[in-house]
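# Residue-level structure breakdown
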Amino acid sequence: MKRKVKAGKRKNESYGNGMLVVFLITLCLVLSIGVAGLIAYKILDGDTKETYHAQKEPSAGEEKDDLQLFQEKIPDSSGEEKTGGADEAAKEAPTPAGRYDAELADEAYMKENRIIPWESSREDEVSFCFAGDFLLDDEYAIMANLLNRGAVIENGISEGLLAHMRAADIMVINNEFPYTNRGTPTEEKTFTFRADTDKVSLLQDMGADVAILANNHIYDFGEVGLLDTLETLENAGIPGVGAGRNLDEASAPLYFIVNDMKIALAAATQIERLENPDTKGATADSPGVFRCLDATKLYQVVAEAKEKSDFVIVYIHWGTENVEEPDWLQLDQAPKLKEAGADLIIGDHTHCLQGIDYFGDTPVIYSLGNFWFNSKTMDSCMVRVTIGQDGIKSFQFLPAIQSGCRVDLAYGEEKTRILEHMRELSPNVRIDGEGFVSKP
């Protein structure tokens, strides 16, 4: 019996020689086929290119197939043309433009139409805070007391309230007096107010972004006082709404463009309810406030603002002083403002709180009451509203108390008491323990 090892060795030697021969023959065949294939490709390639170019552009009236449509030339943002597939087209596609980019790029248009570019603390919403009447006249209790304590805003408005005011993206407050060092008080008017122009720094210190001027004291020192106020606020970088050098300016809303939203803020006053009031209404060629005892013009302004923007706020000076129930004119105008396009209605003037209601999805607080106005101890508030692309995301009533020439957030039992009182004044809404308001 032959040993397997020796027999295997002789077999491997013979097998190796045979395999070498096979390899050489195979190599020659592969090279021959390759050369022949290359020659054939060159011949066919020329014919194929000619055929492709002849067929690439269809003749007149001939439809293009899907592949040809996909390979069409694609214009880029510079106006030049390029070709490419889906991946290349996606890479070259411009970033989606904001709806208001054209307006933001036109500074003259922005200035003419009172449009302000704004930033918010969050990308998908913007927060507004609203406060009622405040007064900075040296001859009345609020400022006299503040000057005795040291003329810093923290000695008049608590740090808790200031934190809310400064944190709001847009803080709106009713400026119930003119800033002027000139003029004479309106004759036979019981109370006339004014503050020196340098007191506008206190408005800045409290975090105010907008001053409402549609009220019955902004004209207390006549035309010169109103004009000084407009100039003082402009120099301080705080826009005023609701009064102006003529009716066009007085009635013009202020617009904010923020987070690709455009939000309008309009302001008007019913007070005084006289044919010839002490607080003069603006005319086509004279300064004054935007009056809305006859609200026809206000409804028109709101409707036009709605056409131009996503959300419309109306801040309105109305109601009967020291009466908690809305009067007939408030009840008449509120639903009409909603129908005109108002998405939020903020009221003041009564020096006391009034209730909250809804007209459709439009909330109205009839009066914010006094904010920081006199020495009386009385319930007060701020309202914080958060607005997103789909409208109001939250509406919060923040209870406060004015007392001893100061105003502070209400806490504990006082907070609970004020919230319960607001529920009594607002039977058609829900108000939870933190003041968040909703429809039932």
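Described below are features of the structure shown in this document. Keep in mind that what you see is a predicted model, and the values were worked out from it rather than measured. (Residues numbered from 1 in each chain as written. Predicted model: local features only at pLDDT ≥ 70, side-chain atom pairs only at ≥ 80, totals over all residues. Heavy atoms only, no water.)

## Looking at the overall build of the chain
- A tally of regular secondary structure across the chain gives 13 helices and 21 strands.
- Within the chain, buried positions represent 46% of all 440 residues.
- Summed over all atoms, the accessible surface of the chain reaches about 23,000 Å², with 53% contributed by carbon and sulfur. (Helix = DSSP H or I, 4+ residues; strand = E, 2+ residues; numbered from the N terminus. Buried < 20%, exposed > 50% of the residue type's maximum accessible area, 1.4 Å probe, protein only. Areas by Shrake-Rupley, 256 points an atom, 1.4 Å probe, with all protein chains shown as cover.)

## Observations regarding the packing of aromatic side chains
- Applying the stated rule across the entire model yields nine aromatic pairs.
- Summarising the aromatic geometry, the rings of Y140 and F193 are spaced 4.9 Å apart at their centres and angled 90 degrees between planes, so their arrangement reads as edge-to-face. Here Y140 is found in the loop between β4 (125-134) and α6 (141-149), whereas its partner F193 is found in the loop between β5 (170-175) and α8 (200-205), with 53 residues between them in sequence.
- Residue class for Y140 comes out partly exposed when judged on its relative accessible area of 26%.
- Every member of this aromatic cluster is reached through a ring pair, and the members are W118, F128, F130 and F256. (Phe/Tyr/Trp six-rings, centres within 6.5 Å; stacked < 30°, edge-to-face > 60°.)

## Quick look at unusual backbone geometry
- Each neighbour pair has its own omega, and for I271 with E272 the value is -5 degrees, a cis peptide bond.
- Note that E272 resides in the loop between β10 (261-269) and β11 (288-289).
- Although it is not a glycine, R114 sits at a positive phi angle of roughly 55 degrees.
- By the secondary structure assignment, R114 is in the loop between α5 (107-112) and β3 (115-117).

## Details of the sheet that holds β3
- Spatial ordering of the open sheet is given by β3-β9-β10-β12-β13-β15-β14, a layout of seven strands whose pairing is mixed. The sheet is open, and its two borders are formed by β3 and β14 (356-359), each paired with just one other strand. Put simply, the sheet's adjacent strands are angled 20 degrees from each other on average, direction ignored.
- Sheet analysis places strand β9 (residues 254-258) next to β10, joined by five bridges and oriented antiparallel. (Pairing = 2+ DSSP bridges. Axes fitted to C-alpha atoms, helices over the stretch in contact; angles between N-to-C directions.)

## Overview of the pairing of strand β13 (residues 344-348)
- For β13, the tally of buried residues reaches five of five residues, placing the bulk of the element in the interior.
- Burial of β13 is two-sided: the residues L344, I346 and D348 facing one way and the residues I345 and G347 facing the other way are all buried.
- Pairing of strand β12 (residues 311-317) with β13, which is carried by five bridges, proceeds in the parallel orientation. Opposite Y315, over in β13, you have I346 as the bridge partner.
- With helix α12 (residues 328-340) bridging β12 and the parallel β13, this β-α-β connection has right-handed handedness.
- With two bridges connecting them, β13 and strand β15 (residues 362-365) associate as parallel partners. Bridge assignment links I345 to a residue of β15, and that residue is V364. (Right-handed = clockwise from strand over helix to strand, strands pointing away.)

## Things to note about the packing of helix α11 (residues 296-308) against α12
- Relative to each other, α11 and α12 sit at 30 degrees, their axes nearing to 8 Å. Classified by the interaxial angle, the pair formed by α11 and α12 is roughly parallel. Crossing hand, α11 versus α12: right-handed. Every residue of α12 that contacts α11 at L298, Y299, V302, A303 and K306 is listed here: Q333, K336, L337 and A340. (Parallel < 35°, antiparallel > 145°, perpendicular 65-115°, else oblique. Left-handed = near helix turned anticlockwise from the far one by under 90°. Contact = heavy atoms within 4.5 Å.)

## Some thoughts on the pairing of strand β18 (residues 391-403)
- Relative to β18, strand β17 (residues 378-388) runs antiparallel, the two being bridged by eleven bridges. What sits directly across from C381, in β18, is P399.
- In terms of strand pairing, β18 meets strand β19 (residues 406-409) through four bridges, oriented antiparallel. Paired with S403 across the two strands is R406, which belongs to β19.
- If you look at the hairpin formed by β18 and β19, you'll find two residues sitting between the two strands, and G404 has a positive phi there, around 60 degrees.

## Observations concerning the pattern of salt bridges
- Overall, the coordinates contain 23 salt bridges when judged by the stated rule.
- A salt bridge links D379 to R417, with the shortest nitrogen-to-oxygen separation between them at 2.8 Å. Within this pair, whereas D379 is found in strand β17, its partner R417 is found in helix α13 (residues 412-425), the two being separated by 38 residues in sequence.
- What makes R417 partly exposed here is its relative accessible area of 36%.
- Linking E434 and K415 is a salt bridge whose minimum nitrogen-to-oxygen distance equals 2.9 Å. With E434 in the loop between β20 (430-431) and β21 (437-438) and K415 in helix α13, the pair connects residues that are 19 residues apart, well separated along the chain.
- On the basis of relative accessibility, which here comes to 43%, the residue E434 falls in the partly exposed class.
- Salt bridges here are not isolated pairs; linked through shared partners, they connect R122, D124, E125 and K393. (Salt bridge = Lys/Arg side-chain N within 4 Å of Asp/Glu carboxyl O.)

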